[in-house]
Every structure is written in structure tokens, then in C-alpha cells.
Amino acid sequence: MAGSLVQVSTNTLTSASATASVTGISDNSVYCVTYLNLQGTTDHKYPNARFTVGGTAQTQSTYNWAGRKFKTYSSFQNSYGIGQTEMRIADENIGTATEELGHGIMYIYRAYDDSQSTFLSQKNVFRDSGGNLMNIFGGFNYTTNNSVDGISFHMESGNIDAGAVFTLYKVV
């Protein structure tokens, strides 16, 4: 059936880890990535991601993003970054309080074509220590032409806490 998802890989953290990756992109199909229960072990840090090539996170200053933040406690805001070494998947710090975590879904386009840049669209929802809801809808562009095979998540500093689940799907 067109538009179905086929699970490629999953990574469930059973202990805190500096990074969490899912790999298995092997062609130019559209891929979907989900993350659940994303929380850091260090308070007030940004969650980030990088594409992987050959299983290694890419750190060149070639990530661009733009998005729109929505919050239950204030007006919306624009979010953007140009020439960054990572993709900031939430433009708000998250912390270590109970339920202060995030969930999201991403779609990756043209990842395996090493003659073109890779695109990613996302939507997510995070909750802060005050119980306030926030989310961002946006897009990312990795402007280095590589055969991307996955995505790696990390916090601005510290580790990703146990219980986070990352899953890569192929859209068929």
C-alpha cells in the first residue's frame, strides 16, 4: 500500500547516553524518524540532531533551519539557524523534571543522493518544568552532498536519559 511505513531500525536507550542514532537509509526513498520521551540528564539544554554518513555523525557547519515555535504561555516566535554544526530540534531548553520531555516526527528527503543536499521536515511537542506546552514546525537542510544513512541525536551537553526511543521507517 502506498504511503505505508516499514520499520528499518529502532534504538531504545536502557541507560543514559551521549548520543542515540538510527541508521539504515539505503536509497532515495522518503524516510520517517520518530522520537519519544526525549529528555536530557543535565537541566536546561537544547536537544539536537546530526545526519550520519557511514554511521558517523556529521559536524560540518552546513546545517540550516527555519521554523515556527508555538507556546501555551506566550506568542509564537520564529526560529532559525544558518551554517550550524547541528540541527536544533527544539528551540527551547528542556530539563530534567518529571514529564519535561519531548516527542516528535521527522521526514527525511533525498538523503542517499550524494549529488544533492538532504532535507528534513519536522513537527514536535515538548513540555517544560512548569507544565507548559511548546512545539516547533520547521525544516532543515544539510547542504553537504553526502550519502546520508541515518540520524544521530544528542543534547547540547550531558546525556540523553534512559527511556528515549528513536525509530527509523522507510515510506513505501
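Quick caveat: nothing in here was measured; it's all calculated off a predicted structure. (Residues numbered from 1 in each chain as written. Predicted model: local features only at pLDDT ≥ 70, side-chain atom pairs only at ≥ 80, totals over all residues. Heavy atoms only, no water.)

Draft legend 1. Structural context of the pattern of salt bridges. By the definition in use, this model includes seven salt bridges. In this structure, Lys69 and Asp91 form a salt bridge, with 3.6 Å as the shortest nitrogen-oxygen distance. Of the two residues, Lys69 is situated in strand 6 (residues 63-71) and Asp91 in the loop between strand 8 (87-88) and strand 9 (102-109); the sequence distance between them amounts to 22 residues. Across this residue pair, the class does not change: Lys69 and Asp91 are buried. Here Glu99 makes a salt bridge to Arg127, at a shortest N to O gap of 2.6 Å. Here Glu99 is found in the loop between strand 8 and strand 9, whereas its partner Arg127 is found in strand 10 (residues 118-127), with 28 residues between them in sequence. (Salt bridge = Lys/Arg side-chain N within 4 Å of Asp/Glu carboxyl O. Helix = DSSP H or I, 4+ residues; strand = E, 2+ residues; numbered from the N terminus. Buried < 20%, exposed > 50% of the residue type's maximum accessible area, 1.4 Å probe, protein only.)

Draft legend 2. Main features of a nonpolar patch on the surface. Nonpolar side chains collect at one region of the surface, where Phe70, Phe76 and Phe137 lie side by side and expose about 300 Å² of accessible area between them. Position of Phe76 among the secondary structure elements: in the loop between strand 6 and strand 7 (77-84). With a relative accessible area of 47%, Phe76 lands in the partly exposed category. (Patch = residues over 30% accessible without salt bridge, like charges linked within 9 Å, V, L, I, M, F, W, Y side chains within 5 Å. Areas by Shrake-Rupley, 256 points an atom, 1.4 Å probe, with all protein chains shown as cover.)

Don't take any of this as a statement about function, it's just geometry.
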